[in-house]
Amino acid sequence: MAATIASFKVDYFQFLDEEGRLADGAQIPALARDTRQLESLYRLMTLTRVFDKKAVALQRTGKLGTYASCLGHEAAHVAVGSAMREEDCFAPMYREYAAQFFRGVKMSDVLMYWGGDERGNDFSGPKHDFPWCVPIATQCLHAAGAALAYKLHGQPRVAVSVVGDGGSSKGDFLEAINAASAWKLPLVLVIVNNQWAISVPRSKQNSARTLAQKGIAGGLPSVQVDGNDLVASRWAMDKAIAAAREGRGASVVEMLTYRLSDHTTADDARRYREQDEVDTAWNKEPLTRLRNYLTDQGHWDQVKEEELLSESAERVNAAVAEYQDRIDNDPQPIDAMFNYMFKNLPHHLEEQREIARRFPARGGQH
Amino acid sequence: MAATIASFKVDYFQFLDEEGRLADGAQIPALARDTRQLESLYRLMTLTRVFDKKAVALQRTGKLGTYASCLGHEAAHVAVGSAMREEDCFAPMYREYAAQFFRGVKMSDVLMYWGGDERGNDFSGPKHDFPWCVPIATQCLHAAGAALAYKLHGQPRVAVSVVGDGGSSKGDFLEAINAASAWKLPLVLVIVNNQWAISVPRSKQNSARTLAQKGIAGGLPSVQVDGNDLVASRWAMDKAIAAAREGRGASVVEMLTYRLSDHTTADDARRYREQDEVDTAWNKEPLTRLRNYLTDQGHWDQVKEEELLSESAERVNAAVAEYQDRIDNDPQPIDAMFNYMFKNLPHHLEEQREIARRFPARGGQH
Amino acid sequence: MAEITLVEGVTLALAHEMEADPTVVVFGEDVGVNGGVFRATAGLQQKFGDDRVLDTPLAEVMIAGMCVGMAAQGMKPVAEAQFEGFMYPMVDHIVNHAARLRHRTRGRMNCPVVFRAPWGGGIHAPEHHSDSNEATWAHFPGVRTVIPSSPSRAYGLLLAAIRDPDPVVFLEPKRIYRWQREEVEDNGEELPLDVCFVLRDGTDVTLVTWGAMVKETMEAAVELEKNGVSAEVIDVATVAPIDMETIVESVEKTGRCVIVHEAPKHCGVGGEIAAGLADKGIWHLKAPIKRVTGYDTVMPLYRSEMNYMPSTERIVHAANETLEFE
Amino acid sequence: MAEITLVEGVTLALAHEMEADPTVVVFGEDVGVNGGVFRATAGLQQKFGDDRVLDTPLAEVMIAGMCVGMAAQGMKPVAEAQFEGFMYPMVDHIVNHAARLRHRTRGRMNCPVVFRAPWGGGIHAPEHHSDSNEATWAHFPGVRTVIPSSPSRAYGLLLAAIRDPDPVVFLEPKRIYRWQREEVEDNGEELPLDVCFVLRDGTDVTLVTWGAMVKETMEAAVELEKNGVSAEVIDVATVAPIDMETIVESVEKTGRCVIVHEAPKHCGVGGEIAAGLADKGIWHLKAPIKRVTGYDTVMPLYRSEMNYMPSTERIVHAANETLEFE
Ligand SMILES: Cc1ncc(C[n+]2csc(CCOP(=O)(O)OP(=O)(O)O)c2C)c(N)n1
Ligand SMILES: Cc1ncc(C[n+]2csc(CCOP(=O)(O)OP(=O)(O)O)c2C)c(N)n1
Ligand SMILES: [Mg+2]
Ligand SMILES: [Mg+2]
């Protein structure tokens with residue numbers, strides 16, 4: 001007896017092409033016709049880009065530590081954040097600022113974090129959202145745990161986690177897929193495939209056609225979209241989140257995009273990739289195409305664009321000022337490292353806190 | 001644009017049905033016609049079963065520690081071992097004795113190991129085969145490492161690892177699939193799905209239709225076979241090993257079987273599964289069906305069977321005697337625990353060795 | 001009031017707290033209908049249902065990571081690693097997340113998880129089933145490491161561990177799971193974390209230990225007494241943080257200290273205690289501080305394991321060594 | 001002969017041994033064309049090809065597990081974890097396999113892997129990039145833990161680590177990767193493992209340290225000298241096993257000991273050294289043994305990290321405390 005007992009596929013979706021034209025033939029999501037909403041999401045994408053550029057500049061001038069730019073990822077990140085409800089739970093990696101901004105995290109929170117101050121993680125967004133997560137892919141299991149908590153408590157809440165193309169190789173992500181399958185969790189696992197994990201290209205993570213197909217390991221619906229197309233990315237998120245919320249279990253969404261920046265400000269991507277490749281990627285970047293589309297629809301023009309840019313610059317500057325003011329005038333105390341180790345500080349830590357108070361670093365904080 | 005960019009399937013194969021009849025329609029592998037070879041493999045399956053029963057009995061009478069029975073897995077394990085070449089590398093879990101016997105491991109080695117003596121792992125099989133592996137699924141990555149070593153050295157050798165249905169949930173296994181995909185490794189990952197991970201049924205590991213489909217995460221050819229059908233299991237192994245050896249990369253083979261015994265002698269399966277289920281599984285067990293087939297082909301009869309059983313019992317008894325003699329008359333020295341910690345024993349361990357020599361356990365070894 | 005064993009003390013505490021606090025869930029491999037391979041969770045799934053006692057897929061990284069996630073969302077998971085030797089895949093989530101979540105978020109989130117595991121050697125178990133790895137956990141800031149050594153302490157300390165709003169690694173000395181029976185009232189009274197228990201008063205030498213070694217150490221105290229030596233025995237119980245006050249106080253009295261543990265010596269918890277004494281108790285010491293420990297080797301397979309484990313004889317010998325000094 | 005930095009000492013040793021021994025391969029994330037995020041493997045892929053210097057998928061369990069597999073089949077992988085904070089997923093394969101393979105198979109197999117990682121704080125790195133976790137490795141039997149503190153020791157000790165037929169965790173103090181330049185001849189001469197290096201002779205107090213803290217400790221010795229105090233400085237270098245003979249010998253002379261490390265205090269390697277002295281050196285001690293360490297807290301984010309790290313001032317202060325005793 002020989003029989004095919006299971007078959008699977010991965011579909012790819014792009015609705016707004018690289019020029020910002022609506023694909024024909026395909027069934028176009030309603031969002032594409034909702035130019036008001038598209039405009040507001042475009043505004044957030046733009047604000048994020050302005051913020052990002054500023055943050056890199058702050059690092060260059062010694063006002064911020066290492067910073068992970070999100071340049072080029074704005075559509076993917078806005079799609080993730082805007083598809084969620086407040087009560088849903090976001091478990092980010094470290095560069096999904098636009099998703100977090102949508103959820104209420106402040107730009108100054110991001111600056112605090114990369115500025116080396118723990119208070120950044122006590123951000124203004126939903127208190128149940130997870131902090132930034134540097135150990136790659138671990139956040140996927142935190143999201144799975146959150147999803148299980150919601151399921152056990154019968155709450156119609158969804159957990160969403162983002163992982164990179166690199167992170168999708170890690171057991172944590174793969175075990176999260178398995179957990180999602182085991183418990184039919186209200187979970188959405190998003191792979192933001194920006195083609196690079198620091199210097200390691202996507203092709204070295206594995207030789208499979210897609211990363212989305214990792215979801216098939218758990219029998220999860222798995223889809224790949226153009227992550228520079230806000231409409232496709234958001235549409236895939238809406239679908240996945242609805243399924244999760246309605247008890248139909250988890251999905252994997254792979255968003256294809258490109259890291260237009262260095263990995264972080266500590267990296268120099270020229271060492272390992274060709275400028276040609278970056279130039280080509282710029283032709284596909286998400287802001288231009290959405291702007292072109294909105295312009296074609298008669299909903300956007302140069303004047304609005306310039307207003308938006310200057311308004312964004314102002315907001316970013318205000319955030320920088322807030323950040324600077326806080327670290328200058330309201331720094332964490334010397335013993336901040338002790339105060340949240342435990343609810344009830346053990347005795348020996350009280351002793352050590354005394355030492356710390358007695359011997360502050362010369363020159364104080366940095 | 002919406003397009004299916006990748007499709008996959010998992011096929012299932014069974015050639016000898018539960019009664020031992022050759023399936024019709026299917027393209028029957030040559031092995032099914034090679035009754036001489038089938039007979040010799042049947043002999044090993046039977047020897048293994050006789051051995052297994054004896055080992056359980058030894059544990060019950062205090063002559064062996066905890067022992068993991070292989071009852072019901074004989075076809076799967078013989079298929080794995082017999083498909084490999086001497087120079088290939090086997091990374092077992094802990095119950096694939098039949099595979100190891102084929103490769104030259106002695107029955108007394110197995111007894112030494114479960115008898116609590118490290119020398120069991122210095123077995124008579126190929127010196128490059130990995131020792132038994134208790135931390136679940138870790139062996140899959142050791143096999144991946146071996147496969148990479150062979151590939152880098154241009155050697156036409158294949159690494160084979162076995163994992164359980166439970167172990168297939170673990171990141172190690174999933175990362176091994178990814179590694180196999182990344183480097184196109186000469187690796188075969190066998191899932192011996194015996195339906196249970198101690199008390200946790202297969203259905204709780206995840207909700208996917210098959211475990212084989214985990215290979216799709218890395219784009220590996222992935223197949224499910226009746227693991228109680230020696231012909232199908234061996235055929236799938238031959239195919240996967242040939243592909244690996246010829247540079248076509250890794251595969252995943254899921255063999256469906258059933259753990260007819262308790263998990264180990266420390267377990268009591270009656271606590272968590274119905275006798276009915278076990279009885280049903282006995283109807284599908286691998287020895288009977290192969291014996292029936294060989295009998296139908298005129299290659300086997302009751303006389304041969306009885307000869308085989310008594311010959312097997314003799315060989316097993318000889319192995320037990322060898323084991324008993326070795327631990328009674330050639331026990332490891334008191335300081336055995338020091339002698340293979342490092343090639344060059346550090347000074348402080350020399351000191352500790354002196355203490356150990358001075359303070360042997362009361363009553364000595366157990 | 002029933003006479004129960006240490007492992008039954010664990011079960012009793014779990015049942016008590018699951019009853020009292022609906023956010024407590026038990027999470028691990030074979031913890032459900034099977035009740036755990038040591039029966040520590042026996043009957044709990046039957047009583048509380050399978051959404052309170054969850055059998056997990058076989059994946060320890062997942063278990064630890066999901067516990068962090070659940071705990072951050074208001075639950076109190078009590079995770080079981082089937083044996084301490086299978087906790088290693090949990091290190092990353094325990095160290096990089098559970099132990100830091102409160103700190104990282106300035107208290108916005110916390111992580112009240114208990115990571116339980118049967119721990120230590122001496123039961124003739126297979127390979128990788130007999131480690132003593134408390135020092136691994138003890139060194140990481142942000143997580144408590146607690147080890148009971150009697151039925152009542154198993155009950156009281158586990159209650160405290162579950163109620164504690166921060167993560168606790170709770171290591172259960174499997175060798176003495178069923179050694180002693182003790183009357184334990186199921187009154188929900190916890191025992192304090194972060195303190196030592198003085199199990200026996202003495203004046204000549206302080207024997208400091210924890211876990212299953214309490215057995216041999218108490219035996220050694222009896223042996224010593226036969227020779228007129230009065231040994232004080234301290235069960236450290238919480239090995240991170242350590243209640244050094246109690247230990248220093250004892251050594252002020254006895255002037256001698258022998259530390260006993262089953263784990264390897266090098267960088268074991270015994271080193272920390274000796275170092276604490278070499279700082280804060282040094283003027284009271286009449287003799288070198290001796291450590292009687294497992295060797296810096298792999299725990300051998302079962303046929304040799306008793307050659308590895310500290311024996312009563314070795315403890316007595318070390319105590320006598322310290323008594324050579326006046 | 002060139003003046004090189006510590007990180008260049010690492011690169012030089014790797015290049016030397018890859019040239020000399022075709023079984024040596026470099027394995028890790030971004031070690032290839034990028035040459036590692038600290039440039040420790042810079043130029044190696046260009047020189048030796050991408051089947052000797054392999055960029056891996058992003059999966060540390062895989063890196064460690066495959067290294068065990070490769071090493072068991074006759075290769076000598078030198079794995080890189082990108083930062084010490086990402087070594088935790090490797091614990092299982094290092095402890096349960098690499099450290100035990102020789103023992104488990106009675107020498108049939110061995111496991112000559114080096115697990116390298118940039119280690120420690122002080123470079124204003126992001127979260128999870130600044131841990132000092134040497135005690136974690138030091139406690140596990142079967143693996144050596146080695147920490148260089150100068151360009152020449154980086155070169156000589158890494159050569160020894162790669163050539164050693166057993167597994168070595170090799171932690172590189174990233175804060176001093178580029179602090180000093182030193183003339184190092186690429187002569188393939190290794191330095192011995194398992195021994196301390198006495199960096200400065202002294203008679204009044206012994207300062208024991210390793211890694212980047214050698215910098216502050218040497219500075220403290222200079223400070224102390226200004227007040228007429230002669231400090232001996234010992235770089236432990238191999239923290240498992242520890243060359244206690246050299247340390248005891250020094251304390252026999254000075255009678256005082258201050259141990260300095262960046263890692264948290266509780267169950268740190270400093271505890272082991274103090275405990276060793278409290279046993280074997282106790283009669284020579286004129287003062288309590290002081291430990292100047294990182295606190296038992298999470299390493300704070302960079303703005304506060306210097307409040308965490310032991311300063312020259314703290315070391316001098318502790319030394320002076322020991323000098324109050326005669
Ligand atoms: C467990 C772990 N290993 C290594 C690192 C170092 N590191 C930080 S980001 C990164 C690459 C991540 O690539 P990807 O997952 O594709 O995400 P991206 O940065 O491209 O968004 C690496 C290796 C880490 N943070 N955590
Ligand atoms: C990492 C790890 N976790 C837990 C265990 C305890 N354990 C031993 S066997 C087993 C079940 C394994 O089930 P499966 O993978 O299906 O293999 P099978 O025993 O059925 O052949 C468990 C949980 C272990 N050995 N290693
Ligand atoms: Mg990426
Ligand atoms: Mg199974």
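The sections below set out a description of the structure shown in this document.

1. Some details on the relation of the copies chain D and chain C
- The two copies are related by a screw motion: chain D maps onto chain C through a turn of 180° and a shift of 0.0 Å along the axis, at an RMSD of 0.0 Å. Here the transformation between the copies is reduced to the relation of a two-fold axis.
- In this assembly the copies share their binding face: 100% of the residues contributing to the interface of chain D also contribute to that of chain C.

2. Details of the coordination of the magnesium ion (ligand 3)
All names here are of chain A.
- At 2.0 to 2.1 Å from the magnesium ion (ligand 3) lie its protein donor atoms, namely Asp165 (OD), Asn194 (OD1) and Trp196 (O).
- Each donor residue of the magnesium ion (ligand 3) lies on the same chain, and together they follow the pattern D-x28-N-x1-W. Here Asp165, found in the loop between strand 3 (159-164) and helix 6 (171-183), pairs with Asn194, found in the loop between strand 4 (187-193) and strand 5 (196-197); they are 29 residues apart in sequence, far enough to count as distant.

3. Re the interface of chain D and chain C
- Each partner contributes residues to the interface: chain D has 53 residues there, and chain C has 53 residues.
- Buried surface at the junction of chain D and chain C, summed over both partners, amounts to about 4,400 Å²; 60% is from carbon and sulfur atoms.
- The interface formed by chain D and chain C holds eight salt bridges in total.
- Between Glu272(C) and Arg291(D) there is a salt bridge; the shortest N-O distance is 2.9 Å.
- Linking chain D to chain C there are 22 residue pairs in polar contact (both at pLDDT 80 or more).
- Looking at the side of chain D that touches chain C element by element, the count peaks at eight residues for helix 10 (residues 269-280) of chain D.

4. Points about the interface of chain D and chain B
- Taken together, the contact pairs 41 residues of chain D with 48 residues of chain B.
- Of the roughly 3,500 Å² buried between chain D and chain B, counting both surfaces, carbon and sulfur atoms make up 64%.
- If you look at where chain D meets chain B, you find two salt bridges.
- The closest approach of N and O atoms between Lys280(D) and Glu351(B), which form a salt bridge, is 2.7 Å.
- Our count for the contact surface shared by chain D and chain B stands at 17 residue pairs in polar contact (both at pLDDT 80 or more).
- Mapped onto the side of chain D that touches chain B, the elements with two or more residues apiece are strand 3 (53-55), helix 3 (60-72), helix 4 (91-96) and helix 5 (101-104) of chain D.
- Looking at the side of chain D that touches chain B element by element, the count peaks at eight residues for helix 3 of chain D.
- Among the residues making up the side of chain D that touches chain B, the classes are represented as 18 nonpolar, 11 polar and 12 charged.

5. Examining the packing of aromatic side chains
- Applying the stated criterion across every chain yields a total of 42 aromatic pairs over all chains.
- Considering the side-chain rings of Tyr67(B) and Trp114(B), the 6.2 Å spacing of their centres and the 80° angle between planes classify their relative orientation as edge-to-face. You can see Tyr67(B) sitting in the loop between helix 1 (35-60) and helix 2 (74-83) and its partner Trp114(B) sitting in helix 4 (residues 107-114), a full 47 residues away along the chain. Each of the two residues, Tyr67(B) as well as Trp114(B), counts as buried.
- Following the ring pairs from residue to residue traces out a cluster consisting of Phe51(A), Tyr67(A), Tyr97(A), Phe101(A), Tyr113(A), Trp114(A), Phe123(A) and Trp132(A).
- Over the ring of Phe342(A) we find Arg144(C); its NZ or CZ atom is 4.6 Å from the centre of that ring.

6. Some details on the site of ligand 2
- Near ligand 2 lie 21 residues; those nearest to it are Tyr94(B), Arg95(B), Asp165(B), Trp196(B) and Glu60(C).
- At ligand 2, the nearby residues belong to more than one chain, namely chains B and C.
- Burial of ligand 2 by the protein amounts to 97% of the accessible area it has alone, namely 580 Å².
- In terms of residue class, the shell around ligand 2 is built from 10 nonpolar, six polar and five charged.

Basis of the calculations
Residues numbered from 1 in each chain as written. Chains lettered and ligands numbered in written order. Predicted model: local features only at pLDDT ≥ 70, side-chain atom pairs only at ≥ 80, totals over all residues. Heavy atoms only, no water. Least-squares fit on C-alpha atoms with pLDDT ≥ 70 in both. Contact = heavy atoms within 4.5 Å. Donors = N, O, S within 2.8 Å, 3.2 Å for Na, K, Ca; no water. Helix = DSSP H or I, 4+ residues; strand = E, 2+ residues; numbered from the N terminus. Buried area = accessible area lost by both parts, 1.4 Å probe. Salt bridge = Lys/Arg side-chain N within 4 Å of Asp/Glu carboxyl O. Polar contact = N/O pair within 3.5 Å; in protein donor to acceptor, adjacent residues only side chain to side chain. Nonpolar A, V, L, I, M, F, W, Y, C, P; charged D, E, K, R; others polar. Phe/Tyr/Trp six-rings, centres within 6.5 Å; stacked < 30°, edge-to-face > 60°. Buried < 20%, exposed > 50% of the residue type's maximum accessible area, 1.4 Å probe, protein only. Lys NZ or Arg CZ within 6 Å of the ring centre and 35° of its normal. Near = heavy atom within 4 Å. Areas by Shrake-Rupley, 256 points an atom, 1.4 Å probe, with all protein chains shown as cover.

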